[in-house]
Protein chains: 4
Amino acid sequence: MSYAKQKLKEEKVFKDPVHRYVHVRDAVIWDLIGTKEFQRLRRIRQLGTTYFTFHGAEHSRFNHSLGVYEIVRRIVDDVFRGRPEWNSDERLLSLCAALLHDVGHGPFSHSFEKVFGLDHEIYTERIVLGDTEIHRVLLKVGADFPEKVAAVINKTYKNKLVVSLISSQIDADRMDYLQRDAYFTGVSYGHFDMERILRVIRPREEQAVFKQSGMHAVEDYIMSRYQMYWQVYFHPVTRSAEVLLSKTLHRAKVLYEEGYTFAHHPVHFHSLFKGNCTLSDYLKLDESVVMYYFQVWQDEEDAILRDLCSRFMDRNLFKYVEFDPAEEKQKYAELEELFRKAGIDPDYYLVHDSSSDLPYDFYRPGIESERQPIYLLMKNETLQELSRRSEIVDAISGKRRTDHKLYFPVDVLRDESSNRTLKRKIRNILEIYRK
Amino acid sequence: MSYAKQKLKEEKVFKDPVHRYVHVRDAVIWDLIGTKEFQRLRRIRQLGTTYFTFHGAEHSRFNHSLGVYEIVRRIVDDVFRGRPEWNSDERLLSLCAALLHDVGHGPFSHSFEKVFGLDHEIYTERIVLGDTEIHRVLLKVGADFPEKVAAVINKTYKNKLVVSLISSQIDADRMDYLQRDAYFTGVSYGHFDMERILRVIRPREEQAVFKQSGMHAVEDYIMSRYQMYWQVYFHPVTRSAEVLLSKTLHRAKVLYEEGYTFAHHPVHFHSLFKGNCTLSDYLKLDESVVMYYFQVWQDEEDAILRDLCSRFMDRNLFKYVEFDPAEEKQKYAELEELFRKAGIDPDYYLVHDSSSDLPYDFYRPGIESERQPIYLLMKNETLQELSRRSEIVDAISGKRRTDHKLYFPVDVLRDESSNRTLKRKIRNILEIYRK
Amino acid sequence: MSYAKQKLKEEKVFKDPVHRYVHVRDAVIWDLIGTKEFQRLRRIRQLGTTYFTFHGAEHSRFNHSLGVYEIVRRIVDDVFRGRPEWNSDERLLSLCAALLHDVGHGPFSHSFEKVFGLDHEIYTERIVLGDTEIHRVLLKVGADFPEKVAAVINKTYKNKLVVSLISSQIDADRMDYLQRDAYFTGVSYGHFDMERILRVIRPREEQAVFKQSGMHAVEDYIMSRYQMYWQVYFHPVTRSAEVLLSKTLHRAKVLYEEGYTFAHHPVHFHSLFKGNCTLSDYLKLDESVVMYYFQVWQDEEDAILRDLCSRFMDRNLFKYVEFDPAEEKQKYAELEELFRKAGIDPDYYLVHDSSSDLPYDFYRPGIESERQPIYLLMKNETLQELSRRSEIVDAISGKRRTDHKLYFPVDVLRDESSNRTLKRKIRNILEIYRK
Amino acid sequence: MSYAKQKLKEEKVFKDPVHRYVHVRDAVIWDLIGTKEFQRLRRIRQLGTTYFTFHGAEHSRFNHSLGVYEIVRRIVDDVFRGRPEWNSDERLLSLCAALLHDVGHGPFSHSFEKVFGLDHEIYTERIVLGDTEIHRVLLKVGADFPEKVAAVINKTYKNKLVVSLISSQIDADRMDYLQRDAYFTGVSYGHFDMERILRVIRPREEQAVFKQSGMHAVEDYIMSRYQMYWQVYFHPVTRSAEVLLSKTLHRAKVLYEEGYTFAHHPVHFHSLFKGNCTLSDYLKLDESVVMYYFQVWQDEEDAILRDLCSRFMDRNLFKYVEFDPAEEKQKYAELEELFRKAGIDPDYYLVHDSSSDLPYDFYRPGIESERQPIYLLMKNETLQELSRRSEIVDAISGKRRTDHKLYFPVDVLRDESSNRTLKRKIRNILEIYRK
């Protein structure tokens, strides 16, 4: 039998707290899960530094990847199977793309990508197409199979229906992460009736659509997303940890570029610093390695690197105030000046962060978007864009919201053993009055 | 106001998936949570290598420690408060001991303790009494307060009621971990009605007891424990990962002792290898550091270390068969011999593991035990030991169960590119027939 | 000790699937629960005919009343207690009003009130103030206590904060029923984070308000309400059962007024039919009694009453089509005519129902409303109306939505044994094509 | 297409709180659900008087019957389908038997059967085979189909595998009711991992068996049963309500037999009193009808009937003490005598109840039983009886437990307005000291 059709002698299951069980029958899927590149996802947290805010959020991308696979598996095996609009030849491709869609993520992706100009999507492609165990498994399916998997993941695949299963306004990726992140953080916002959505999803030429009778479940999903973004993903404390992380990486890079001699040389970071990180270098990076360096850098001579690392290790985060960049430019400049005078480098210790820096792609049909709008399948078989039928979705769609904050180390500003007057001035401006 | 009585201006809460919220009002508790030694628990998983079996089990000891604190807080603040048998002066002590009871755990405790002869309880004591941030916080409460906290944790404190809250057959420690581990693994076995148990718990001189009307909830807790031990904690796949981990540490130690020159020198392990690990050394060890070394040791020259590390990183675990050490001594010797002939070192690749090596302390009154039996408080105010009233508990108490398995790398045994005949012989003995 | 302060020797608890436990310490509350008028609520379903749509929705008003009490108890005992804005003398009053707020409901309230011109709020007042066991319990608390309880329930009590706990846009009544109805129907829409809301609720002079930090939990509650209204409370099948019920009661009344001789005389309905239903008559009515009559009326001589009762007993409901009363007046008239010609009385078998007949009071600040808007308590202690801060709530507030449907017995229209041509015409107009 | 194979144009679903959705594709099943005899189950509670103890337990047998059907549907469609041991011709029969297995239950079955000597299993058979809508639907499938359905339900069907799905120690009936009753009461005891059990269930010639790997899930199910029996089904307060109900029915029967003239004549009870209850009479009985009579009998002249009915309506239950029938015969006789002297008829007001009167069929292999033992399917394809492999099940199997209680109206005994001395004596014997 061809490898593509090969089934395991007995179905394997993974116990999963979100989907109860993840089911694997295909030898290809089983083999992919066993590759070293996929196992590496166990060492990369799904939500980066969110665990500093929600202590339960320690789950890895390995978890999530299995979950996305399981949702796509249920869609294609339980719902789409046998429907004329669904080409069953795309089944295995859909499953593989679902499983591997995040395989190029590195440690603390958000900060790393920002500081080092990386793009996890490019590394996903390299892993799928390059000299990896994953590539070799995919190649056994067919000579062009790796390219097809990469195309689905980077959304260039010709069958847009397959693409839409993992990249659309309502796809398996998001359905898994909303529920999973809600489960592990313990918040109640991420719940929506996925069972209902899976009952009403239907294949169409360009994308998956949803029977009108399930509109309210889709609305509920949209609201869950909205709440999760503002309650969890953009939580100001998480962003404070991201700020600290970025500044730490930034400091290490600057020191390296300045020729600073590290007591503990950052071998794993060299090619990152130089901007020529190979696939092999990249695959050696994971959150254990990063945390290891942060651990040892606490003993570096450079005071800023040392301080930032210790803060990260010990969760001694920056505090924040609301900030309006349009109105408060002058105030910011003044603060910068005062920080400098007080011997506190504002490049590292006075940070403006806005949450629209973060990947916010709340539902907005019509706006130039990589993500397709959601269509309802009406009783008369026509399609209608969701916001035309749903008052709630219409009310909130297209509304971009940005939140600006200013982050700083309040402990330093309160320490009056030096620069007492300057620090008081700063505290006055920032309205930090009492402990 | 004294530090011991100092309350936060506003109650702080941690969102917790198991208890919904963890509530903190006491400045002492808040300060303890902020110490570097406590934050370090975020880098040590609650269930060691269990995440290789149940992928959701990636939660840290930080999580669990907050949970134990919260349960004790509810007991002393909501249930015991105002009852004559409860001395409210012990409140803060109980809370601190609950929070800190696991603070001395190191990375992958079980294997590390076994291979390096460590004892996390001793390190807990050292952290509480030594030169640490935790010690300094406790000292502010009172000169003898650190000693009292240590005494509660190591069960020598004179007020046995306080001790029983965190160390008895049914204590806050276990009530938290059973529920928490069930939640994160996703298994359904760890559920019991803690709310009911907290309603019927009562303070008595020697220990906490349980009103007779709650007996069935206590029975259910006992059954949950039983199931969690055999379904989760002693799962043969988890034990396989532990075997691999122990053998890796063991190999590194042997190499160090033999004077092997590491390409990547294990600075963080030196004092462990030499058996003189100081508190400061110990606190630098966490699971990121260990994983970092396993990562880099994949490039060591020593083939065994290299192989074991790669297996651990890529979850390429040993397989197992049932094994009866009493009956099958001869068979084991034969296998050892064959392994050696086939060039597979049996010291690392043929491992007998039994689960009663693991901390199995299933309910058994009367047997010499560090844990007190459970007493029911009858309507006439007398106490009765649980198994005298509960048929189910009586039926299972005192029954020690041991499970023996033999672990080995099945991929090596199947690789017929060398020692084909020997490997076939081995496979025949181990009854490994088909893929 | 005064009766108002009297505590039970030991706290009593009710196991509750929504709140886990309902706790009772006050003798007054315990005694009220034991009265015959309160126990009667066990015989009246919370959601009337909704169980024909969602078979789990068989729970009674007894359930819900305990739940509302429990929420108010948690608010006043756990959150408000000790705060200067809260007058603890109002505690017992709040609890009693919460427990009794629905005590005047009769069987299938919605239809009964419509057909017989009743008002459950008036009967609640009569029960509290009249010659009842409940009245006698309240009187033991104080001579004016029954009047105070009635005043809180009918919203005339001077302390508006107390009123707001059970009658506002976000009160204990709704928080209980949304969760409870979601639980028993099994839908996922009614979930919101009540624990969070209870943490941020604060007493103010005119009403309970919510700390700004809990805004998202309040938003989520508003969205849950929206979904529950359209998914559950206004479900077209439930409305079909209500239509049938109303028409049955209507038919019985018409027959009575026409002097029809019932084979089974409706003794329990006499005063209802005559419009002079005394408190004593009212208290004898419950859903068992109504169902009993429907049972025996299946053998009445009148064909319409017989048919309607059988339909209700056997859940042989009317089907429905969308209907636009503004555009389709002519069509309706035509249908009426055709029904009459075909011998199907349109007064009973062609029913226009619109869901804004139903008590829809979705959040709409500013509009003349008995319910107060929701205020957020900002960090600077000022109050802001919710929709000014929440984009989502702003987007949906004030939007009344009405849904019109036309109900009819499709089985009769399909039965071609008589009036074949007429029925085909009717089916054509109603677009009933295939089975 | 034959009716047996006929599918609905579109799958119908029922929202179910326990199984999320109940799925119906077969026209036969859809038609059966729509019959009047099946809809009648909505008017009969699943747990009789348990709602007096657990107020959430108001769910009907309609609920449960759908649930049993859904579990069997999942077994035969998802697990058994395609396996050689499963004859797919038995599919529809299995589904129908599952759906209808309880259709013969009457109101408050337990008490009615005891007092009137009925047997719901006989009525189930009569409904399936008699002149009913259900019979007519089944007949359309095949001339012998009704008989086959009846045979499966009464366990005489030749294919024991089919029988075992709804009648064995671990069948769909029990799996549904344990979970459902736990859900509606809100207790935590009824949880077990049904998903796991459904994954390991396998068809064998004589019965369904369970793969060894699922043994712990089966153990957990057994423990859940044990807990549910003692915590919920045999709860002493529920038994008190049953005692009251039985005595009320008993009184009405005695009065009827004595020629008493009822103010409200019990037409619906005549044939029950006379012992010749026809199918048609039986089908008119439901809990609404019974409650209606209890309502109106509160105004009867007979003081005992009046009192018992009022107690039932107002939940004014009897209290209880432990009772040892072997040791305390003398005491019972003495109490009887004293009751009589005090004018309290002991036939109605001093009731000995033991819970082994109730249908207790806790797991006990080997003992003469209508239920088959549970077999594990070992890896080598042999079968082993569960208690031979499971220590826990072995420990508790075969242990019959009986609980005896004495019930009486404590309010009457405390009322000292008459027979003061006698009542004191009685209270002394019963050890009723304080309120």
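On a predicted model such as this, the values are computed, not experimentally measured, just so you know. (Residues numbered from 1 in each chain as written. Chains lettered and ligands numbered in written order. Predicted model: local features only at pLDDT ≥ 70, side-chain atom pairs only at ≥ 80, totals over all residues.)

Student: What exactly am I supposed to notice about the overall build of chain A here?
Tutor: The helix and strand tally for chain A stands at 23 helices and nine strands. For 435 residues, the compact-globule estimate of 2.2 N^0.38 gives 22 Å, and the C-alpha radius of gyration of chain A, at 24 Å, lies within 12% of that figure. The buried share of chain A, taken over its 435 residues, is 51%. A separation of at least 24 residues holds for 68% of the contacts in chain A among residues at least 6 apart in sequence. (Helix = DSSP H or I, 4+ residues; strand = E, 2+ residues; numbered from the N terminus. Rg over C-alpha atoms; globule rule 2.2 N^0.38 Å. Buried ≥ 20, exposed ≤ 12 C-beta atoms within 10 Å, placed from the backbone. Contact = placed C-beta atoms within 7 Å.)

Student: What is the right way to look at the relation of the copies chain B and chain A in this model?
Tutor: In this arrangement, two copies of a chain are superimposed by a rotation about an axis accompanied by a shift along the axis. Aligned on chain A, chain B shows an RMSD of 0.0 Å; the corresponding rotation is 180° and the shift along the axis is 0.0 Å. Those values place the two copies in the arrangement expected of a two-fold rotation axis. Residue Ser288 of chain B, judged by its C-alpha, is the member of chain B lying nearest the rotation axis, at 2.1 Å. Of all interface residues in chain B, 97% are interface residues in chain A too; the two copies therefore contact each other through one and the same surface. (Least-squares fit on C-alpha atoms with pLDDT ≥ 70 in both.)

Student: What is the right way to look at the interface of chain B and chain A in this model?
Tutor: It is common to give the size of an interface as the accessible area that goes away when the parts come together. Between chain B and chain A, the residue contacts involve 33 residues of the former and 32 residues of the latter. Among the elements of the structure, β1 (7-16), α2 (36-39), α3 (61-80), α10 (172-185) and α16 (287-297) of chain B are those that each provide at least two residues to the side of chain B that touches chain A. Ranked by the residues each element gives to the side of chain B that touches chain A, the list is headed by α16 of chain B, at five residues. When the residues that make up the side of chain B that touches chain A are grouped by side-chain class, the tally is 13 nonpolar, 10 polar and 10 charged. (Nonpolar A, V, L, I, M, F, W, Y, C, P; charged D, E, K, R; others polar.)

Student: Can you walk me through the sheet that holds strand β8 (residues 383-385) of chain D in this structure?
Tutor: Strand pairing in a sheet takes place through backbone hydrogen bonds and is either antiparallel or parallel in direction. Residues and elements named next belong to chain D. One open sheet accounts for four strands, arranged β3-β4-β7-β8; its pairing is mixed. Bordering the open sheet on either side are β3 (201-203) and β8, each of which pairs with just one other strand. Pairwise comparison of adjacent strand axes, ignoring direction, gives a mean angle of 45° for this sheet. Of the pairings in the sheet, the one linking strand β7 (residues 375-377) to β8 comprises three bridges and is antiparallel in character. Across the sheet, residue Leu377 finds its bridge partner in β8, namely Leu383. (Pairing = 2+ DSSP bridges. Axes fitted to C-alpha atoms, helices over the stretch in contact; angles between N-to-C directions.)

Student: Looking at this structure, I do not really get the UniProt feature "domain: HD" (unreviewed entry) in chain A. What am I missing?
Tutor: According to UniProt, the positions carrying the feature "domain: HD" (unreviewed entry) are residues 61-178 of chain A. Counted over residues 61-178 of chain A, helix gives 68% and strand 0%. Its end C-alpha atoms are 13 Å apart. (UniProt positions renumbered as here; feature names shortened; annotations may be inferred.)

Student: How do you make sense of helix α10 (residues 172-185) of chain C when you look at a structure like this?
Tutor: Given 3.6 residues per turn, any residue in an α-helix points the same way as the ones three and four places further on. Residue and element names in this part refer to chain C. Look at α10: 20 Å from first C-alpha to last across 14 residues, which is about the 20 Å you get at 1.5 Å a residue. The element α10 is largely enclosed, with a buried count of 14 among its 14 residues. Positive backbone phi, at 90°, marks Gly186, one or two positions downstream of α10. (Expected span 1.5 Å × (residues − 1).)

Student: Help me out: how do you make sense of the packing of helix α18 (residues 329-341) of chain D against helix α23 (residues 420-430) of chain D in this one?
Tutor: For any two helices packed against each other, one specifies the inter-axial angle together with the distance between the axes. Residues and elements named next belong to chain D. Where α18 contacts α23, the two axes come as close as 9 Å, and the packing angle between them is 155°. When the interaxial angle is binned, α18 and α23 end up roughly antiparallel. Remark: the crossing between α18 and α23 carries left-handed chirality. Contact residues: α18 offers Lys331, Glu334, Leu335, Leu338, Phe339 and Lys341, while α23 offers Leu422, Lys425, Ile426 and Ile429. (Parallel < 35°, antiparallel > 145°, perpendicular 65-115°, else oblique. Left-handed = near helix turned anticlockwise from the far one by under 90°.)

Student: I keep staring at the sheet that holds strand β4 (residues 208-211) of chain A and nothing clicks. Help me out?
Tutor: Residue and element names in this part refer to chain A. Pairing is mixed across the open sheet formed by four strands, whose spatial order is β3-β4-β7-β8. Both edges of this open sheet fall to β3 (201-203) and β8 (383-385), since each of them pairs with a single strand only. Strand-to-strand twist of the sheet, defined as the mean angle between neighbouring strand axes without regard to direction, takes the value 45°. Alignment of β3 against β4, held across three bridges, turns out to be antiparallel. Note on β4: the bridge partner recorded for Pro203 is Ala208.

Student: Would you explain the domain arrangement of chain A in this entry?
Tutor: Residue and element names in this part refer to chain A. Taken domain by domain, chain A comprises domain 1 (3-234 + 375-389) and domain 2 (236-357 + 403-430). Domain 1 and domain 2 are separated by 34 Å when their C-alpha centres are compared. Between domain 1 and domain 2, the residue contacts involve 25 residues of the former and 24 residues of the latter. If you list the elements that add at least two residues to the side of domain 1 that touches domain 2, you get α5 (109-116) and α6 (120-129). Among the residues forming the side of domain 1 that touches domain 2, the class breakdown is 10 nonpolar, nine polar and six charged. (Domains from an automatic or database assignment.)

Student: Is there a simple way to think about the environment of Arg199 of chain D in this case?
Tutor: Residues and elements named next belong to chain D. Position of Arg199 relative to the elements: it lies in helix α11 (residues 194-200). Using a count of 19 C-beta atoms within 10 Å as the deciding quantity, one classes Arg199 as partly exposed. Taking C-alpha positions, Arg199 is 8.2 Å from Gly214, a pair spaced 15 residues apart along the chain.

Student: I would appreciate a short explanation of the packing of helix α3 (residues 61-80) of chain A against helix α4 (residues 91-100) of chain A in the present structure.
Tutor: Residues and elements named next belong to chain A. Orientation of α3 relative to α4, taken along the N-to-C sense of each, is 160°, at an axis distance of 7 Å. Relative to α4, α3 is oriented roughly antiparallel. You can see that α3 and α4 cross each other, and the crossing is right-handed. Where α3 approaches α4, its residues Ser65, Val68, Tyr69, Val72, Arg73 and Val76 are matched on the opposing element by Arg91, Ser94, Leu95, Ala98 and Leu99. A class-by-class count of the residues in the contact of α3 with α4 yields seven nonpolar, two polar and two charged.

Student: How should I be thinking about helix α13 (residues 236-257) of chain C in this particular structure?
Tutor: When the terminal C-alpha atoms of α13 of chain C are compared, their 31 Å separation across 22 residues agrees well with the 32 Å that a helix rising 1.5 Å per residue should span. Where α13 of chain C terminates, the next one or two residues include Gly259 of chain C, which has phi positive at roughly 80°.

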